[in-house]
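Spelled out, the chains give:
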Amino acid sequence: MASCVAVLIVVWVSIVIAWAWRVLNWVWLRPKKLERCLKEQGFTGNSYRLLFGDTKDSSMMLRQAQSKPMKLSTSHDIAPRVMPFVHQTVNTYGRNSFVWVGPIPKVNILNPEDLKEIFNKHENIQRTVANPIIDLLVQGLGSTVDEKWAKHRKIINPAFHLEKLKGMLPTFYHSCSEMINEWERLVSKEGSCELDVWPCLLNMSADVISRAAFGSSYQEGRKIFQLLQQQTKNYAAAIQSVHIPFLPTKHHKRMKEINKEIRVLLRGIINKREEAIKMGEASNHDLLGILLESNLKEIREHGNKRNTGMSVEDVIEECKLFYFAGQETTSTLLVWAIVLLSQNQNWQTRAREEVLQAFGSNPPTFDALSQLKVVTMVLLEVLRLYPPGIELPRTLRRKTQLGRFSLPAGVDVSLHILLVHHNEELWGEDAHEFKPERFSDGVSKATKNQFAYFPFGAGPRICIGQNFAMLEAKLALSLILQHFTFELSPSYAHAPALLTILQPQYGAHIILSKR
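These figures come from a predicted structure and were not determined experimentally.

**Student:** Hey, could you go over the overall build of the protein chain for me, with residue numbers and the actual values?
**Tutor:** Regarding its fold elements, the protein chain presents 19 helices and 12 strands. Against the 2.2 N^0.38 benchmark of 24 Å for 515 residues, the protein chain shows a C-alpha radius of gyration of 25 Å, consistent with a compact globule. Every one of the 515 residues in the protein chain was classed for burial, and the buried ones make up 53%. Restricting to contacts in the protein chain with at least 6 residues of sequence separation, those with at least 24 account for 76%. Carbon and sulfur atoms make up 54% of the accessible area of the protein chain, which amounts to about 23,400 Å² in all.

So, in structure tokens, the structure goes:
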């Protein structure tokens, strides 16, 4: 009996020692080793501070920066407000710098040649899970790697083919028209009205993705949108602190509950659609239908072998990604386009004249939208100045050579979209100014380097839904220009802020008038 007790004590002590060693390694030994490695190669940044790193300073600076609006001028230098700590770090330590996200060093990547290498070495680099709870928000194609990513990309691709997007244009038009009709109703009373367009655009883009992704299950899709909005708020609150996996916070717990609700709703939609496919009744005109048909084809081609196609769990995550990325990207692109065109009335006039010349008062066609040069230039410049995502965080899966640097596995890198898009060396002295004419000859000739413009990422893993987002944005903006003129309201407060996307902190109040 005594020997059994002794064995149990030894086992228990061994477990405690092993656990304590893992914690010590995570919070101190490993971070200091990575810090030495980075500094030996010429990277600079703050010295590591136990557990929190730069997180507390970063959160404090962000709260202070976002405590009041910024002055709206011809300069759109928004980095000091949107990402103040990183902005200060780069200014203090230079391009070859790093910051601490808890116990993990994150290297700032600003050199286009380094960006090119990272985009093309995607097998060594995966999306950073800066906080494990991000998986409760969204996973899908952006999170998968290696063979699984290639398989998912192949299955999802058909949903975003040009012909499929053409077929979705009536769906886009239906949702956009509902918003236009509501705005006309508001304007008709006085000839003009003040309106916060941000919630309107959020609802419109949610409506588009609900219909485009789920078709006849549109109303259930709307419920998912509402839950994802709650999920986003919880995520934004959670990432302001260091996440310790074995100590879940109240935000983490609530996110798990919401994630369960979303999965139940999506599973129900998918099961009904799969039953319809078996009965030969399914339509493949929406994103879910196309995805399921493509998945079924993949499984049949491989003879129902194990691990072929996507599981129901995989499909659920891709649907969440459809919703999250599709809704957020378009709404933020449109809201900043309206703000910038309100501020730059000459470009608003030019864009409206082009729209009216292309299709007058008629509904836009796919071909007509494709020919809109001025509108396209405007949207490209908006994406440059106000990209929906301001950075692409990545983790090195193995030791990676990046130019003259050899970065160790476990280091994070941040591909800074916003900072590169505003870099005066790449874009000229007017880099912070709204000048759509810089895109008059297309993206390739707008800057000195191919990898100086990447609002949707780049390389093999470029965003699969970029054409979807741009088509929806072109249609919505064209309809707005077709029906209204608009200017900034005196109550408008310019306050770009990052939640999960770059959005107006206090909304976007404009004076809307009937054209």
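**Student:** Before we move on, can you summarise the side chain of aspartate 207 with the specific residues and values?
**Tutor:** As for its position among the elements, aspartate 207 is in helix H9 (residues 197–214). Overall, aspartate 207 belongs to the buried group, its relative accessible area being 5%. Looking at aspartate 207, its side chain comes within polar contact range of the side chain of serine 175, at 2.5 Å.

**Student:** Just give me the short version of the packing of aromatic side chains, but keep the residues and values in it.
**Tutor:** Taken as a whole, this structure holds 13 aromatic pairs when the rule is applied. Ring centres of tryptophan 427 and tyrosine 453 lie 6.1 Å apart, and the angle between their planes is 70 degrees; on these two criteria the pair is classed as edge-to-face. With a gap of 26 residues between them, tryptophan 427 in helix H18 (residues 424–427) and tyrosine 453 in the loop between H18 and helix H19 (466–483) connect regions that are remote in the sequence. Each member of the pair tryptophan 427 and tyrosine 453 is classed as buried. Ring centres of phenylalanine 439 and tyrosine 453 lie 5.2 Å apart, and the angle between their planes is 55 degrees; this geometry places the pair in the tilted category. One end of the pair, phenylalanine 439, is in the loop between H18 and H19; the other, tyrosine 453, is in the loop between H18 and H19, and 14 residues separate them in sequence. Overall, the relative accessible area of 3% leaves phenylalanine 439 in the buried class. Ring pairs connect the aromatic residues Trp28, Tyr48, Phe98 and Trp100, which therefore count as one cluster. The side chain of lysine 56 reaches across the aromatic face of phenylalanine 52, ending 4.3 Å from its centre.

**Student:** Tell me about the packing of helix H2 (residues 55–65) against helix H4 (residues 84–93), and please be specific about residues and values.
**Tutor:** Running from N to C, H2 and H4 cross one another at 110 degrees; their axes reach a closest spacing of 8 Å. Taken together, the axes of H2 and H4 lie roughly perpendicular to each other. Across the interface between the two elements, Asp57, Ser58, Met61, Leu62 and Ala65 of H2 pack against Pro84, Phe85 and Gln88 of H4.

**Student:** Account for the sheet that holds strand E4 (residues 192–196), with residues named and values stated.
**Tutor:** One open sheet accounts for three strands, arranged E4-E12-E9; its pairing is antiparallel. Looking at strand neighbours, the two that pair on one side only are E4 and strand E9 (484–488), the edges of this open sheet. For this sheet the average axis-to-axis angle between neighbouring strands, irrespective of direction, equals 30 degrees. Where E9 lies against strand E12 (residues 509–514), five bridges are found, and the strand directions are antiparallel.

**Student:** Account for the pattern of salt bridges, with residues named and values stated.
**Tutor:** Applying the stated criterion to the full structure yields 23 salt bridges. With a shortest N-O distance of 2.2 Å, arginine 267 and glutamate 313 are connected by a salt bridge. Highlighted residues: arginine 267 in helix H11 (residues 250–278) and glutamate 313 in helix H13 (residues 312–343), separated in sequence by 46 residues. The partly exposed category is assigned to glutamate 313, whose relative accessible area is 32%.

**Student:** Please set out unusual backbone geometry residue by residue, giving values where relevant.
**Tutor:** Backbone geometry places leucine 51, a non-glycine residue, at a positive phi of 65 degrees. Mapped onto the elements, leucine 51 comes out in the loop between helix H1 (2–40) and H2.

**Student:** Kindly report on helix H12 (residues 287–301), identifying the contributing residues and their values.
**Tutor:** Over its 15 residues, H12 extends 21 Å from the first C-alpha to the last, a length consistent with the 21 Å expected when each residue adds 1.5 Å. Within the span of H12, buried status applies to Leu287, Leu288, Gly289, Ile290, Leu291, Leu292, Ser294, Asn295, Glu298 and Ile299. Considering only its buried residues, H12 is in contact with helix H7 (146–156), helix H8 (162–190), H9, H11, H13 and H19.

**Student:** Describe the environment of leucine 29, with residues and values.
**Tutor:** With respect to the helices and strands, leucine 29 occurs in helix H1. Taking the C-alpha atoms as reference points, leucine 29 and isoleucine 155, separated by 126 residues in sequence, lie 43 Å from one another.

**Student:** Got a sec to walk through a nonpolar patch on the surface? Specific residues and values, please.
**Tutor:** Together, Val5, Ile9, Trp12, Val13, Val16 and Ile17 line one region of the surface with nonpolar side chains, adding up to about 550 Å² of accessible area. Following the sequence through the fold, tryptophan 12 ends up in helix H1. Given a relative accessible area of 58%, tryptophan 12 falls into the exposed group.

**Student:** Report on H11, specifying residues and quantitative values.
**Tutor:** Between its terminal C-alpha atoms H11 stretches 42 Å, which fits the 42 Å expected from 29 residues at 1.5 Å a residue. Looking at the residues trailing H11, positive phi occurs at glycine 280, about 75 degrees.

Calculation criteria
Residues numbered from 1 in each chain as written. Predicted model: local features only at pLDDT ≥ 70, side-chain atom pairs only at ≥ 80, totals over all residues. Heavy atoms only, no water. Helix = DSSP H or I, 4+ residues; strand = E, 2+ residues; numbered from the N terminus. Rg over C-alpha atoms; globule rule 2.2 N^0.38 Å. Buried < 20%, exposed > 50% of the residue type's maximum accessible area, 1.4 Å probe, protein only. Contact = heavy atoms within 4.5 Å. Areas by Shrake-Rupley, 256 points an atom, 1.4 Å probe, with all protein chains shown as cover. Polar contact = N/O pair within 3.5 Å; in protein donor to acceptor, adjacent residues only side chain to side chain. Phe/Tyr/Trp six-rings, centres within 6.5 Å; stacked < 30°, edge-to-face > 60°. Lys NZ or Arg CZ within 6 Å of the ring centre and 35° of its normal. Axes fitted to C-alpha atoms, helices over the stretch in contact; angles between N-to-C directions. Parallel < 35°, antiparallel > 145°, perpendicular 65-115°, else oblique. Pairing = 2+ DSSP bridges. Salt bridge = Lys/Arg side-chain N within 4 Å of Asp/Glu carboxyl O. Expected span 1.5 Å × (residues − 1). Patch = residues over 30% accessible without salt bridge, like charges linked within 9 Å, V, L, I, M, F, W, Y side chains within 5 Å.

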